[in-house]
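What follows is each chain in one-letter form.
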Amino acid sequence: MESASRHSCLKLQIPNQADPLFIQATWFPSHFYLSITDGHNAWFCNASEDEVGERAAQWDQPVSDYIALAERFLGFQQPGSVYGFSDAGDGHKRLSWTFEKEGTKLEWRWKCRPSPDCKSAAAGVLDFLMDANIRLSEEVVTKTKSFERLKVEAEKCLAQSEKFSTEKAEFEPAIYAKFVEVLNSKKAKLRELRDQISKKESSGNLPQEEDESTDKTLSFDDESDDGENDVESSQNPTGTSKHVSTSRAHSRKRAAPR
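Conventions adopted
Residues numbered from 1 in each chain as written. Predicted model: local features only at pLDDT ≥ 70, side-chain atom pairs only at ≥ 80, totals over all residues. Heavy atoms only, no water. Core = buried A, V, L, I, M, F, W, Y, C linked by side-chain atoms within 4.5 Å. Buried < 20%, exposed > 50% of the residue type's maximum accessible area, 1.4 Å probe, protein only. Helix = DSSP H or I, 4+ residues; strand = E, 2+ residues; numbered from the N terminus. Contact = heavy atoms within 4.5 Å. Salt bridge = Lys/Arg side-chain N within 4 Å of Asp/Glu carboxyl O. Phe/Tyr/Trp six-rings, centres within 6.5 Å; stacked < 30°, edge-to-face > 60°. Lys NZ or Arg CZ within 6 Å of the ring centre and 35° of its normal. Expected span 1.5 Å × (residues − 1). Patch = residues over 30% accessible without salt bridge, like charges linked within 9 Å, V, L, I, M, F, W, Y side chains within 5 Å. Areas by Shrake-Rupley, 256 points an atom, 1.4 Å probe, with all protein chains shown as cover. Lys, Arg positive; Asp, Glu negative; His and termini not counted. Charge placed at Lys NZ, Arg CZ, Asp CG, Glu CD. Pairing = 2+ DSSP bridges. Axes fitted to C-alpha atoms, helices over the stretch in contact; angles between N-to-C directions.

Draft legend 1. Structural detail: the nonpolar core. One finds Leu95 and Trp97 to be the most contacted residues of the largest nonpolar core, which totals 30 residues. The greatest single-element share of this core, amounting to six residues, is contributed by helix H2 (residues 63-75). Setting aside residues no more than four positions away along its own chain, leucine 95 makes contact with Leu12, Ile23, Leu34, Ile36, Leu74, Gly84, Phe85, Trp108, Arg109, Trp110 and Cys112.

This is the structure:
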């Protein structure tokens, strides 16, 4: 139970009271404990699990919601809430506070008993405040150091960003100038080539090249025709041999009567 506890301390200014109240609270999942002092006297309220459960049932709330709402109003003074710390007889006090729920103003009250040792109660509240102040001071120092480191890093990033911006401003005109120079040279080269083509067309060089190509085509056709004739002669070797053999036969017949 103690490991799940939470602690708070509220400086509460009650209307029509000169001295403020200090309410030190320890919150548990199902109950809470209050130690109250004005610097002279002290009171305490030990809200048991049974009492908290009964109050929560009266307000149709889960215990956890009841504890959370009480911690909200006794951990920090809420604006708009009316706090009271009135006499309840026999040295007892009644601590109360108001809040609104669904448009209805409600009031919670808890009876506080006189502390058997006011000095110890006041000392306990002071010790808690001192410990909280030390923790907050350490946290402030840690946060301040972190802020300083972040500030240095931010200044470095800002300086680097300005450097990049300056380099960019210097780089872009130079690279654009080089690009324009290269582009202009390419354009000049293209114009030169276009002029050369125009001069050749006007001097008639291009038609002569077409005639030469035609002659070459014709010579190739002649060669192909000769080749076909050669092929045809080579394909008829039998016709020549037949003529030779026939002439020989006639000569032999003429020589036979001798």
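Draft legend 2. Focus on the pattern of salt bridges. Applying the stated criterion across every chain, the model contains four salt bridges. We note a salt bridge from aspartate 87 to lysine 93, for which the minimum N-O separation is 2.4 Å. Looking at aspartate 87, the relative accessible area reads 58%, which means it is exposed. Accessibility expressed as a relative area gives 16% for lysine 93, which makes it buried. A salt bridge links arginine 109 to glutamate 107, with the shortest nitrogen-to-oxygen separation between them at 3.0 Å.

Draft legend 3. Looking closely at the packing of aromatic side chains. Per the counting criterion, the structure on display carries 10 aromatic pairs. The interplanar angle of 45 degrees and the centroid separation of 5.8 Å between the aromatic rings of phenylalanine 73 and phenylalanine 99 together place this pair among those described as tilted. Here the residue phenylalanine 73 occupies a position in helix H2, and phenylalanine 99 occupies one in strand E6 (residues 92-101), the gap between them amounting to 26 residues. Across the pair, phenylalanine 99 and phenylalanine 73 agree in class, each one buried. Ring pairing ties together the aromatic residues Trp59, Tyr66, Phe73, Trp97, Phe99 and Trp108, which thus form one cluster. Sitting above the plane of the tryptophan 110 ring, arginine 55 keeps its charged end 4.0 Å from the centroid.

Draft legend 4. Local environment of H2. Here H2 is 13 residues long and its end C-alpha atoms lie 17 Å apart, about the 18 Å a rise of 1.5 Å per residue gives. When we look at burial in H2, the residues that qualify are Tyr66, Ile67, Leu69, Ala70, Phe73, Leu74 and Gly75.

Draft legend 5. Representation of a negative patch on the surface within the structure. A cluster of like negative charges, contributed by Glu49, Asp50, Glu51 and Glu54, occupies part of the molecular surface. Considering the arrangement of structural elements, one finds glutamate 54 in helix H1 (residues 49-58).

Draft legend 6. Seen up close, helix H3 (residues 118-203). Between the first and last C-alpha of H3 there are 124 Å, a value that for 86 residues agrees with the 128 Å anticipated at 1.5 Å per step. Listing the buried residues of H3 in full gives Ala121, Ala122, Val125, Phe128 and Ala132.

Draft legend 7. Representation of the pairing of strand E4 (residues 42-47). Where strand E3 (residues 32-37) and E4 come together, six bridges link them in antiparallel fashion. Pairing of tyrosine 33 across the sheet is with asparagine 46, part of E4. With antiparallel pairing between neighbouring strands as the criterion, E3 and E4 make up a hairpin whose turn holds four residues, including glycine 39 at a positive phi of roughly 100 degrees. Pairing of E4 with strand E7 (residues 104-114), which is carried by two bridges, proceeds in the antiparallel orientation. Its bridge partner lying in E7, tryptophan 43 is registered against proline 114.

Draft legend 8. Spotlight on the pairing of E6. Within E6, seven of the 10 residues are buried, which leaves the element mostly enclosed by the surrounding structure. Examined bridge by bridge, strand E5 (residues 83-89) and E6 share six bridges and lie antiparallel to one another. Opposite glycine 89, over in E6, you have histidine 92 as the bridge partner. The antiparallel hairpin formed by E5 and E6 contains two residues in its connecting segment, where aspartate 90 sits at a positive phi of about 60 degrees. Note: E6 against E7, nine bridges, orientation antiparallel. In the sheet register, glutamate 100 faces E7, and the bridge partner there is lysine 105.

Draft legend 9. A look at the sheet that holds E7. Read from one edge of the open sheet, seven strands run E1-E2-E3-E4-E7-E6-E5, paired in antiparallel fashion. In this open sheet, the two edge strands, each paired with only one partner strand, are strand E1 (6-12) and E5. Taking the axes of each pair of neighbouring strands and ignoring which way they run, one obtains an average angle of 25 degrees across the sheet. Note that strand E2 (residues 21-27) and E3 share six bridges and pair antiparallel. Bridge pairing in E3 places tryptophan 27 opposite phenylalanine 32.

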